[in-house]
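# Descriptive structure summary
These are the residues of each chain, in order.
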Amino acid sequence: NHHSNFILIPWQEDFLERLTDFVIEDAHGGFDNAIFIFPNSRPEKYLTRLIKQHPRLRRPIIVPRMESVGSLFSSLRSRIQSRPAWNAGLLDRVGLLLQCARDEEKHSGRFMGEKGVSFSFLQDAGQFFPWGVRLAGLFEECFVQNGKAENFLYLEGEVSPFASALLERLGNIFQRYVAGLEEREWTTPGRDASVVPEHLKQNLHLPDT
């Protein structure tokens, strides 16, 4: 049904072949106005090869535009925000999160475990690193889901002592992290994705890509 917003391709069929056939039928043999958006860039190579060899397409062939979800959001973010942003790698994100956790400790007091035991995790970057990786991944999910992390209280005994202390201030650290990204003019794939719905909430149109 070409009038439906969604086309379901049966799992037993070759996805890219069926997708190509559908677009050819819908576009009357051409790809002039077709845009393919995939979860990652890998399908582009296979689809390009399939299109070049397809017997139903007119020659010469104009290969359609193909984007990954990440590159699409990055492109939209760069058009929504006029200033350029540097895409921070994992190590940079973890370093920023360590600074955010240290700032939170200075502002709200030491991270304490059961029986008032304090931790050395924030004094040793090596000890903090695995926690920073987890936080970076969690905050990426928050960005992608267009949500915000919150403080989780009363988790003693449910998770490790340092995890419990960290979760008690999770929302505070998240706010510092977002502010830190903005201050440094850094971005991440998840942050790129969050800028788009924030823009739409203001009833603004998406820029052309």
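Residues numbered from 1 in each chain as written. Predicted model: local features only at pLDDT ≥ 70, side-chain atom pairs only at ≥ 80, totals over all residues. Heavy atoms only, no water.

## Considerations on unusual backbone geometry
Leave glycine aside and you will find that most residues have negative phi; peptide bonds, for their part, are mostly trans. The backbone of Asn146 shows a phi angle near 55°, a positive value even though the residue is not glycine. By the secondary structure assignment, Asn146 is in the loop between helix H5 (125-144) and helix H6 (161-168). On the basis of relative accessibility, which here comes to 31%, the residue Asn146 falls in the partly exposed class. Of note, the phi angle at Glu185 is positive, near 60°, even though the residue is not glycine. Within the secondary structure, Glu185 sits in the loop between helix H7 (170-184) and strand S4 (186-187). (Helix = DSSP H or I, 4+ residues; strand = E, 2+ residues; numbered from the N terminus. Buried < 20%, exposed > 50% of the residue type's maximum accessible area, 1.4 Å probe, protein only.)

## Things to note about the nonpolar core
In terms of nonpolar packing, the biggest core is built from 28 residues, with Leu97, Phe128, Phe139, Ile173 and Tyr177 touching the most fellow members. Where this core is concerned, the elements lending two or more residues are helix H4 (90-108), H5, H6 and H7. By residue number, the principal contributor to this core is H5, which donates seven residues. (Core = buried A, V, L, I, M, F, W, Y, C linked by side-chain atoms within 4.5 Å.)

## A closer look at the packing of aromatic side chains
Considering all chains together, one arrives at seven aromatic pairs under this definition. Here the aromatic rings of Phe36 and Phe38 are separated by 6.1 Å at their centres, their planes lie at 15°, and the arrangement is stacked. Neither Phe36 nor Phe38 differs from the other in exposure class; each is buried. Note on Phe139 and Phe174: the rings are 5.0 Å apart at their centroids and 70° apart in plane angle, and the pair reads as edge-to-face. Linking Phe139 in helix H5 with Phe174 in helix H7, this pair joins segments that are 35 residues apart in sequence. Judged on exposure class, the residue Phe139 and its partner Phe174 are both buried. Within the aromatic cluster, the residues linked to one another by ring pairs are Phe139, Phe143, Phe174 and Tyr177. (Phe/Tyr/Trp six-rings, centres within 6.5 Å; stacked < 30°, edge-to-face > 60°.)

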